[in-house]
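What follows is each chain in one-letter form.
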Amino acid sequence: MKKYGILLKAIAIVLALMGAAFFTAFSLYAHTYRTHVAELINSALPFHVLIVICCYAELVLFWGIADQIGRDNSFSPENRRSFRIMAIIGGIFAADFFAMLIFFAARGRLIVIRAIYLTCMGLLSLIFTALCETLSRLIHHAWLVKNENDLTI
């Protein structure tokens, strides 16, 4: 299990570096160029900052899960708690995307492709939330069964 923990941590590092590169390029573009897209990015900056914070919070929690897996402790209260928090953050993602949808609509800047994109991202966030919550419950159930079996032996 140790190699799986290391592999998952490597994935978390790669995702963190990719996210840093993307958000840096995204920000530099928004502050360097005077285009319609740059104006839209800057006008919705608080939404984008929240997305960045949530992404890195998810990666920190994922790192903890990878650490538990590496210790052969997959079915632990720590992992259950991490998945529960990840589900809550997924809900924040969804709220952020739907809030952006409302924000752009209120400003008269909602075009069809943006509406489709934000709606899909909000729905994907809700699916992610449901998956994390389901995993949390499954881990808790497996932990209870494991503890019951340990007591039997």
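Residues numbered from 1 in each chain as written. Predicted model: local features only at pLDDT ≥ 70, side-chain atom pairs only at ≥ 80, totals over all residues. Heavy atoms only, no water.

What exactly am I supposed to notice about the pattern of salt bridges here?
Any two side chains of opposite charge can pair if their charged atoms end up close together. According to the stated counting rule, one finds 5 salt bridges in the structure shown. When the shortest N-O distance is used, the salt bridge between Arg109 and Glu39 registers 2.6 Å. Remark: Glu39 occurs in helix H2 (residues 36-43) and Arg109 occurs in the loop between helix H4 (77-106) and helix H5 (112-152); sequence separation between them is 70 residues. For Arg109, a relative accessible area of 26% gives the class partly exposed. (Salt bridge = Lys/Arg side-chain N within 4 Å of Asp/Glu carboxyl O. Helix = DSSP H or I, 4+ residues; strand = E, 2+ residues; numbered from the N terminus. Buried < 20%, exposed > 50% of the residue type's maximum accessible area, 1.4 Å probe, protein only.)

Looking at this structure, I do not really get H2. What am I missing?
Note that an α-helix has 3.6 residues per turn; residues three or four places apart therefore point the same way. Those residues of H2 lying buried are Ala38, Leu40 and Ile41. An end-on view of H2 places all buried positions within 160 degrees of arc, on one side of the element. (Arc of directions from axis to C-beta.)

What exactly am I supposed to notice about unusual backbone geometry here?
The phi torsion of most residues other than glycine is negative, and most of the peptide bonds are trans. One non-glycine residue, Asp72, adopts positive backbone phi at about 60 degrees. Turning to its location among the elements, Asp72 is positioned in the loop between helix H3 (45-70) and H4. Given the relative accessible area of 54%, Asp72 is considered exposed.

How should I be thinking about a nonpolar patch on the surface in this particular structure?
Where nonpolar side chains cluster on the molecular surface, the patch consists of Met1, Tyr4, Leu7, Ile11, Val14, Leu15 and Met18 and spans about 660 Å² of accessible area. Along the chain, Leu7 turns up in helix H1 (residues 2-32). By relative accessible area, which is 48% here, Leu7 ends up partly exposed. (Patch = residues over 30% accessible without salt bridge, like charges linked within 9 Å, V, L, I, M, F, W, Y side chains within 5 Å. Areas by Shrake-Rupley, 256 points an atom, 1.4 Å probe, with all protein chains shown as cover.)

Hey, could you run me through the confidence of the model for the protein chain in this one?
Low-confidence regions, as indicated by low pLDDT, have predicted coordinates that should not be scrutinised in detail. Counting all residues, the mean pLDDT for the protein chain is 94, and 99% of those residues have values of 70 or more. Confidence, expressed as mean pLDDT per element, reaches its minimum in the protein chain at H2 with 84 and its maximum at H4 with 97. (pLDDT = per-residue confidence, 0-100.)

For this particular structure, what's the right way to read the state of the cysteines?
A covalent bond between the sulfur atoms of two cysteines is referred to as a disulfide. All told, the structure shown has 0 disulfides when counted by the stated rule. For Cys120, which is in no disulfide, the shortest distance to another cysteine sulfur is to Cys55 and amounts to 17 Å. By relative accessible area, which is 39% here, Cys120 ends up partly exposed. The thiol of Cys132 is unpaired, and the distance to the nearest cysteine sulfur, on Cys54, comes to 12 Å. (Disulfide = S-S within 2.5 Å.)

Sorry if this is basic, but what is going on with the environment of Ile92 here?
Positionally, Ile92 belongs in helix H4. Between the C-alpha atom of Ile92 and that of Ile51, which follows or precedes it by 41 residues, the distance is 8.8 Å. Dropping the residues within four chain positions of it, Ile92 is found in contact with Leu50 and Cys54. (Contact = heavy atoms within 4.5 Å.)

Even after reading the chapter, I still don't get the packing of H1 against H2, so can you show me in this structure?
When two helices pack together, their arrangement is given by the angle between the helix axes and the distance between those axes. Across the interface, H1 lies against H2 with an axial gap of 8 Å and an inter-helix angle of 115 degrees. One element, H1, and the other, H2, form an angle in the roughly perpendicular class. H1 and H2 meet at a crossing whose hand is left-handed. Where H1 approaches H2, its residues Phe26, Tyr29, Ala30 and His31 are matched on the opposing element by Val37, Ala38, Ile41 and Asn42. Across the contact of H1 with H2, the residue classes tally to 6 nonpolar, 2 polar and no charged. (Axes fitted to C-alpha atoms, helices over the stretch in contact; angles between N-to-C directions. Parallel < 35°, antiparallel > 145°, perpendicular 65-115°, else oblique. Left-handed = near helix turned anticlockwise from the far one by under 90°. Nonpolar A, V, L, I, M, F, W, Y, C, P; charged D, E, K, R; others polar.)

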